[in-house]
Amino acid sequence: MSQIIDTFRALSLAPSSTGWLTHSNQPKVLHGFDDVCNLINERREILSIVNAEIRNGPFNLVIEEPVLFSERLDIESKVFIQDTQISLGDITISFADAQTWNPMPKWDGLRKNKDKIIKQLSECDLDTPSAIASGYSTTTNLQSLISSLCSSIISQDLPTTRNTTSKLAGLGIGLTPAGDDFLMGAMYATWVVHPHGIAKKFTEQIANIAAPLTTSLSGAWLRSAAKGEAGELWHEFFDALIEDKNMYLPMSKILSVGETSGSDALMGFLGTIGYYNKVNKL
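Because the structure is a prediction, the values reported are computed rather than measured.

Caption draft 1: Molecular detail of the pairing of strand β7 (residues 85-88). As paired strands, strand β6 (residues 79-82) and β7 are joined by four bridges and run antiparallel to one another. Bridging from a neighbouring strand, Val79 pairs with Leu88 of β7. Linking β6 to β7, which pair antiparallel, is a turn of two residues; within it Asp83 sits at a positive phi near 55 degrees. Judged from the four bridges that link them, β7 and strand β8 (residues 91-94) form a sheet pairing that is antiparallel. By the bridge assignment, Ile86 is partnered in β8 with Ile93. Turn length for the β7-β8 hairpin, with the two strands adjacent in sequence and antiparallel, is two residues, and the turn residue Gly89 shows positive phi of about 60 degrees.

Caption draft 2: Representation of the packing of aromatic side chains. Considering all chains together, one arrives at 12 aromatic pairs under this definition. Between the aromatic rings of Trp107 and Phe238, the centroid separation amounts to 5.1 Å while the plane-to-plane angle is 55 degrees, which identifies the pairing as tilted. With Trp107 in helix α3 (residues 107-112) and Phe238 in helix α11 (residues 232-242), this pair connects stretches of sequence that are 131 residues apart. Using a relative accessible area of 5% as the deciding quantity, one classes Trp107 as buried. Of the residues examined, Phe238 reaches a relative accessible area of 0% and is grouped as buried. Measuring from centroid to centroid gives 5.8 Å for Trp234 and Phe269, while their planes differ by 70 degrees, and the two rings are edge-to-face. Of this pair, Trp234 sits in helix α11 while Phe269 sits in helix α13 (residues 261-280); the two residues are 35 residues apart in sequence, bridging distant segments of the chain. For Trp234, a relative accessible area of 7% gives the class buried.

Caption draft 3: Summary view of the packing of helix α6 (residues 142-154) against α13. Following both chains from N to C, one finds α6 and α13 inclined at 55 degrees, their axes separated by 9 Å at the closest point. The pairing of α6 with α13 is recorded here as oblique in orientation. Both α6 and α13 take part in a crossing whose hand is right-handed. Contact residues: α6 offers Ser147, Cys150, Ser151, Ile153 and Ile154, while α13 offers Gly271, Thr272, Tyr275, Tyr276 and Val279. For the contact of α6 with α13, the residue count by class is six nonpolar, four polar and no charged.

Caption draft 4: Representation of unusual backbone geometry within the structure. Of note, Arg44 is a non-glycine position whose phi angle comes to about 65 degrees, a positive value. With respect to the helices, strands and loops of the structure, Arg44 is situated in the loop between β3 (36-40) and β4 (46-51). In this model, Gln156 sits at a positive phi of 60 degrees, which is unusual for a non-glycine residue. Within the fold, Gln156 resides in the loop between α6 and α7 (158-168). Here Gln156 falls in the partly exposed class, since its relative accessible area comes to 42%.

Quick notes on the rules
- Residues numbered from 1 in each chain as written.
- Predicted model: local features only at pLDDT ≥ 70, side-chain atom pairs only at ≥ 80, totals over all residues.
- Heavy atoms only, no water.
- Pairing = 2+ DSSP bridges.
- Helix = DSSP H or I, 4+ residues; strand = E, 2+ residues; numbered from the N terminus.
- Phe/Tyr/Trp six-rings, centres within 6.5 Å; stacked < 30°, edge-to-face > 60°.
- Buried < 20%, exposed > 50% of the residue type's maximum accessible area, 1.4 Å probe, protein only.
- Axes fitted to C-alpha atoms, helices over the stretch in contact; angles between N-to-C directions.
- Parallel < 35°, antiparallel > 145°, perpendicular 65-115°, else oblique.
- Left-handed = near helix turned anticlockwise from the far one by under 90°.
- Contact = heavy atoms within 4.5 Å.
- Nonpolar A, V, L, I, M, F, W, Y, C, P; charged D, E, K, R; others polar.

Listed below in structure tokens is the structure:
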């Protein structure tokens, strides 16, 4: 009996996803969840195939119709790429007509309105459950690490940033440990508060140190942040700040990501913003 192949259509993909599909020779399934399938290639680069409700991301390929990946795939499922389609087990996804999504937020617009935006953000009180705040403070001097990272980014103290990054990287459990989520949020803040050249220097250093110390998936997020890339939910949050719209709805969507991933990332972002505000007395 021949195997029945289900074919799906990709709606969008990030530029790095196009490169991944073009240059991967030995792709494998890394994780299969209900709405997401993470693939990894021979260079340890990640492609996330996601259902539409997950939205766009810096290394996502978004498909039109939902797939329950957890029931269709496992780490032994074969992965093949041919022309404009990718096959995962009994699933085939065509990306021939997928639209390219730009993962780069409007950093210039954020910097242009930096002082107004930062003053507004500094009035936020992020009072949410956080793995980085509650789960690891008993075994590490966590608050000191957080303060050290935020202040060193603002003061452009690269040696301290590097040292603190090595202690936060991989701190926690899960596919994106809490320490990494905090680092990612701080990296986004770095792109807002500093000119492009300085932001690039600091975020690249953070990613280069942290990525080898954590999971492949978390490392992919950190390396994307070092390129100035972010997921669609963060784009909506940043756009609301630029356009002076209600920021709390897009913020709430970020907070809903994972058990504490969104709140940890926002802590990193707002914590760094807060130090900028403190130093500059806006």
